[in-house]
Amino acid sequence: ATYDSVNNRFLLTNKTAGDVGISMQDVTGNFLAATGLSGGTLQRGSNLQYNINGGGTLTSQSNTITSDTSGITGLSVTALSTGQTTVSVGSDTSTIATAITSFVNDYNAVQNYISSQVATTTDSSGNVTAGTLTGNMDIEGIATQLRQLMDALPGGTSSAIQSLGDLGFASNGNDNTLATSNTTTLTAALTNNLSAVQALFTDPTNGLATTLGKYITGVTGTSGILATTETDLTNESNDITQNIATLETKVTADQARMTQEFVDMETAVSSINQQKQYLNDYFGSGSTSSSGTGSTQASGL
């Protein structure tokens, strides 16, 4: 609100851009009438007007066209001046290619980690050392299932893009990982069959993102393979710890008993030795004689 002293009037300006108008109300009193605001003239603001692909006129209250006003996800265009401007919106294939490659790299990282945990190593002497998860069928099953899902054909036989192989990703022939065999193939697929590439990942029934997401959620969920295995191993570890504690208690008790038995035995031996010494002393100090030609003397034990 400002006061124009030259024309003796009050001016109200809405700082919000666009044709939004101004709302006024006297809650009490007659301020609007006394200042002349109630009888003033509204000079309306201007909205940004535009169209997309020759369609109907769309409006934006600000100088920025957003996804809310245009219906195009991610669109943000700011008009810098009045006039006709043509804006072309195309697919950012390079960003999509980077995202797909990162997806495959993440898959490979998972497979490489699993392989490192289940692998065995042999040293120069021929000694074999098993990995932490060698022989764990659950973990090996996860690796196999992930590979099968990546090799599936979610696009269907009628789709131009049926698998990751159609994007230039193929097995390296040695393990469960995938290798980029031809970047030109990926670029061509994104340029010429973008909707098919999208269906490959986002098909609500068989898309890679859909099937992998469901499987991974199941594996890592509270009742999944990993959680169940972790619970089983934790229980087994607790049982082993309890068994160790019980065995240690028994060993301690046996040690105490054996120590006491040894002490008792030593005490008994000492007592026997004392008795032996007494008998030796007793019988060694006395002697007897007979009327015969020989003589006899008692000896100690």
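Please read all numbers here as calculations on a predicted model, not as lab measurements.

1. Quick notes on the environment of Val 27
Move 1: Inspection of the secondary structure puts Val 27 in the loop between strand 2 (9-11) and helix 1 (31-35).
Move 2: Each C-alpha atom, one on Val 27 and one on Ser 5, is 26 Å from the other, the two residues being 22 residues apart in sequence.

2. Remarks on the nonpolar core
Move 1: In terms of nonpolar packing, the biggest core is built from 27 residues, with Ile 100, Leu 164, Leu 167, Val 197 and Phe 201 touching the most fellow members.
Move 2: Contributions of two or more residues to this core are made by helix 3 (93-118), helix 4 (137-151), helix 5 (183-192), helix 6 (194-202) and helix 7 (208-220).
Move 3: Per-element tally for this core: the top contributor is helix 4, with six residues.
Move 4: Not counting residues up to four positions away in its chain, the partners in contact with Leu 164 are Phe 103, Met 150, Phe 169, Leu 178, Leu 200, Phe 201 and Leu 208.

3. Brief notes about the confidence of the model for the chain
Move 1: Residues with a pLDDT of 70 or more make up 91% of the chain, whose mean pLDDT is 84.
Move 2: A low-confidence stretch, residues 288-301 stays under pLDDT 50, and its non-local contacts, those more than four residues away or across chains, total 11 contacts.

4. Topic: the packing of helix 4 against helix 7
Move 1: At a minimum axis separation of 10 Å, helix 4 and helix 7 run at an interaxial angle of 165 degrees. Comparing the axis directions of helix 4 and helix 7 gives the class roughly antiparallel. Viewed along their axes, helix 4 and helix 7 form a crossing whose handedness is right-handed. Residues Gly 141, Ile 142, Gln 145, Leu 146, Leu 149 and Met 150 of helix 4 lie in contact with helix 7, whose contacting residues are Leu 208, Thr 211, Leu 212, Tyr 215 and Val 219.

5. Details of helix 3
Move 1: Over its 26 residues, helix 3 extends 38 Å from the first C-alpha to the last, a length consistent with the 38 Å expected when each residue adds 1.5 Å.
Move 2: Within helix 3, the full set of buried residues consists of Ala 97, Ile 100, Val 104, Tyr 107, Asn 108, Gln 111, Ile 114 and Gln 117.
Move 3: Buried residues belonging to helix 3 abut helix 4, strand 9 (169-171), strand 10 (178-180), helix 5 and helix 6.

6. Details of the side chain of Asn 108
Move 1: Structurally, Asn 108 can be placed in helix 3.
Move 2: Apart from residues lying up to four places away in sequence, Asn 108 is in contact with Thr 177 and Leu 178.

7. A word on the packing of aromatic side chains
Where two aromatic rings form a pair, the distance of their centres and the angle of their planes describe that pair.
Move 1: One pass over the structure, following the stated rule, counts five aromatic pairs.
Move 2: An angle of 80 degrees between the planes, with centres 5.6 Å apart, marks the rings of Phe 103 and Phe 201 as edge-to-face. Taken together, the positions of Phe 103 in helix 3 and Phe 201 in helix 6 put the pair 98 residues apart, joining distant regions of the chain.
Move 3: Phe 103 gets classed as partly exposed once you look at its relative accessible area, which sits at 26%.
Move 4: Ring centres of Tyr 282 and Phe 283 lie 5.1 Å apart, and the angle between their planes is 90 degrees; on these two criteria the pair is classed as edge-to-face.
Move 5: Judged by its relative accessible area of 35%, Phe 283 is partly exposed.
Move 6: Three or more aromatic residues joined by ring pairs make a cluster, and in this case those are Tyr 3, Phe 10 and Phe 31.

Cut-offs and rules
- Residue indices begin from 1 for each chain and proceed along its sequence in written order.
- Note on the predicted model: pLDDT of at least 70 is required for a residue's local features to be given, and 80 or more for side-chain atom pairs to be given and counted; whole-chain, interface and lining totals, by contrast, use all residues.
- Hydrogens are left out, water is left out, and the side-chain values use all remaining heavy atoms of the structure.
- Labels follow the DSSP assignment, with helices taken as runs of H or I lasting at least four residues and strands as runs of E lasting at least two, numbered in each case from the N terminus.
- As used here, the term nonpolar core means buried Ala, Val, Leu, Ile, Met, Phe, Trp, Tyr and Cys residues forming a set that is joined through side-chain atoms within 4.5 Å.
- Whether a residue is buried, partly exposed or exposed follows from its accessible area with a 1.4 Å probe, protein chains only, as a fraction of its type maximum: under 20%, in between, or over 50%, in that order.
- Two residues qualify as a contact provided that any one of their heavy atoms is within 4.5 Å of a heavy atom in the partner residue.
- The predictor rates its confidence in each residue with pLDDT, a number between 0 and 100.
- Note on method: axes are straight lines fitted to C-alpha atoms, helices fitted across the in-contact stretch only, with angles between N-to-C directions ranging 0 to 180 degrees.
- Put simply, angles under 35 degrees are roughly parallel, angles over 145 are roughly antiparallel, angles from 65 to 115 are roughly perpendicular, and the rest are oblique.
- For a crossing to be left-handed, the near helix must be turned anticlockwise from the far one by less than a right angle; the clockwise case is right-handed.
- To estimate how far a helix should reach, multiply one less than its number of residues by 1.5 Å.
- Geometry of aromatic contacts follows a simple scheme: Phe, Tyr and Trp rings, the Trp one being its six-membered ring, pair when their centres are within 6.5 Å, and the pair is stacked under 30 degrees between planes, edge-to-face over 60, tilted otherwise.

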